[in-house]
Amino acid sequence: MDYDQDLINQLSNEIDNGKEAIDFHNKLERLLKNQDFIDVIYNGYCTDGALRLVTLLKADSTTEATRANVISKLDAISLFQEYLRVQLVLGNSARRTVQESQATLDELRGEA
């Protein structure tokens, strides 16, 4: 009986944590669809800004110090984009985990 209660508690915690991750994921999805975000961040920063930096990187007059600074900025853009992708993956994973945990919890409680 203690095993079942421990499992129920664990599943309940997974569901609660997963719901928080899903809420964050939903917020991110709304943000990524927001036209202001698309214009300012995606098109402005991630695309146009990156192209401007690459152009600067390739300019003959660019010093090594400037090149290092430009590469650092390009890395920052890349890390930001990777962060967004990872958060979307984590949110999708949380959604599946919540569904599976809820189904198992319902089964344990005899609600299946």
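Relevant structure appears above.
Here, residues in each chain are numbered from 1, in the same order as that chain's written sequence. Side-chain atom pairs in this predicted model are given and counted only at pLDDT of 80 or more, local residue features only at pLDDT of at least 70, and totals for whole chains, interfaces and linings cover all residues. Think of the side-chain values as coming from all heavy atoms in the structure, minus any hydrogens and water.

### Points about helix α2 (residues 35–58)
Defined as follows: Take the seven residues that end at a residue and the seven that start at it, fit an axis to each, and the angle between those axes is the bend at that residue. What counts as a helix is a DSSP run of H or I of at least four residues, what counts as a strand is a run of E of at least two, and both are numbered from the N terminus. Exposure categories follow from relative accessible area, calculated using a 1.4 Å probe and restricted to protein chains: below 20% of the type maximum is buried, above 50% is exposed, and the middle band is partly exposed.
Residue G44 marks the point of greatest curvature in α2, where the axis turns by about 40 degrees. Considered for burial, the residues of α2 that qualify are F37, C46, G49, A50, L53 and L57.

### Quick word on the side chain of T62
Rules: Contacts described as polar in this section are N or O atom pairs within 3.5 Å, which, within protein, must combine one atom able to donate a hydrogen with one able to accept it, while residues neighboring in sequence count only if both atoms come from side chains.
Relative to the helices and strands, T62 is located in the loop between α2 and α3 (64–108). Classification of T62 by relative accessible area gives buried; the value is 9%. Of the polar contacts made by the side chain of T62, one reaches the backbone oxygen of L56; its length is 2.5 Å.

### Some thoughts on the pattern of salt bridges
Cut-off, in case you're wondering: Salt bridge criterion: a side-chain nitrogen from Lys or Arg within 4 Å of a carboxyl oxygen from Asp or Glu.
If you walk through the whole model with that rule in mind, you get 3 salt bridges. With its nearest N and O atoms 3.5 Å apart, the salt bridge here joins R67 to E64. In this pair, R67 and E64 both sit in helix α3, 3 residues apart, roughly one turn of the helix. Taking the relative accessible area as the measure of exposure, R67 reaches 23% and is therefore partly exposed. Between R85 and E82 there is a salt bridge, with the nearest N and O atoms lying 3.0 Å from each other. Taken together, the residues span about one helical turn, with R85 and E82 both in helix α3 at a distance of 3 residues.

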